[in-house]
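Coordinate analysis (summary)
What follows is the residue order along each chain.
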Amino acid sequence: MALKSSHTVTVEWGDCDPAGIVYYPAYFRWFDQATYRLFLAAGLRRDDITSGQWKEGTPLVHAECSFKRASQTGETLVIESQVAKFGRSSFTVSHVFRDATGEIAAEGTETRIWARKDGDARSLKAIAIPDDVKHRLGGS
């Protein structure tokens, strides 16, 4: 059974465009925060920076979002996240944003790879997701 994580965000003035509605990049920032929190809920670190430099982690390779209705300054949204699919070296996290009534304001996914680098960014290589990580996030 997939591990689920949820947390709330309050839409701030700086999250909005001149029309007073959430500017779309804010959702992608919230995706990233929600995935980080999902890993914390699983007792995991998403990225290894213990050496002072990023060596292994979960770079983003694809993201998409569908906006169901406008959200605005002062509104509280609940973000529900879980891993929807595991591959050998990739995983897809689904995110659903609900307002105070439970109505879906937005939903989307991000696909990340488990990767390692041994030098500059060009050395980045996808590697198999460790079994322990899959298990903690609710995979088999």
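Coordinates for the structure precede this section.
An account of the accompanying structure is given in this report. From a predicted model like this one, the values you see are computed outputs, not experimental measurements. (Residues numbered from 1 in each chain as written. Predicted model: local features only at pLDDT ≥ 70, side-chain atom pairs only at ≥ 80, totals over all residues. Heavy atoms only, no water.)

For the rest of this paragraph, the subject is the sheet that holds strand S4 (residues 76-86). A sheet is described by the order of its strands in space; here 5 strands give the open sequence S1-S4-S5-S6-S3, paired in antiparallel fashion. At either margin of the open sheet sits one strand with a lone partner, and together these are strand S1 (4-10) and strand S3 (60-67). Each strand of the sheet is rotated relative to its neighbour by a mean of 20°, with strand direction disregarded. Relative to S4, S1 is paired through 7 bridges, and the arrangement is antiparallel. (Pairing = 2+ DSSP bridges. Helix = DSSP H or I, 4+ residues; strand = E, 2+ residues; numbered from the N terminus. Axes fitted to C-alpha atoms, helices over the stretch in contact; angles between N-to-C directions.)

For the rest of this paragraph, the subject is the sheet that holds strand S8 (residues 125-126). Pairing in this open sheet of 3 strands is antiparallel, and the strands run S2-S7-S8 from one edge to the other. Edge positions in the open sheet fall to strand S2 (56-57) and S8, since each of these has one partner strand only. Bridging between S2 and strand S7 (residues 115-116) involves 2 bridges; their strand directions are antiparallel. Looking across to S7, one finds that Gly57 is bridged to Ala115.

Our focus in this paragraph is the pattern of salt bridges. Tallied over the entire structure, the rule returns 10 salt bridges. As a salt-bridge pair, Arg69 and Glu75 come within 2.3 Å of each other at their nearest N and O atoms. Using a relative accessible area of 15% as the deciding quantity, one classes Glu75 as buried. For Asp99, the salt bridge goes to Arg69, with nearest N and O atoms at 2.8 Å. Here Arg69 lies in the loop between S3 and S4 and Asp99 lies in the loop between strand S5 (90-98) and strand S6 (104-113), a separation of 30 residues in the sequence. When salt bridges with common partners are traced through the structure, they connect Arg69, Glu75, Asp99 and Glu103 into a single cluster. (Salt bridge = Lys/Arg side-chain N within 4 Å of Asp/Glu carboxyl O. Buried < 20%, exposed > 50% of the residue type's maximum accessible area, 1.4 Å probe, protein only.)

Our next topic: the nonpolar core. By size, the foremost hydrophobic cluster in this structure holds 15 residues, and its most contacted members are Val11, Val22, Tyr27, Trp30, Leu77, Ile79 and Phe97. At the level of secondary structure, the elements contributing two or more residues to this core comprise helix H1 (25-41), S4 and S6. Those residues in contact with Leu77 that sit more than four places away from it in its chain are His7, Thr8, Val9, Val11, Tyr27, Trp30, Ser71, Phe97, Arg98, Asp99 and Ala105. (Core = buried A, V, L, I, M, F, W, Y, C linked by side-chain atoms within 4.5 Å. Contact = heavy atoms within 4.5 Å.)

So yeah, pure geometry; function would need other evidence.
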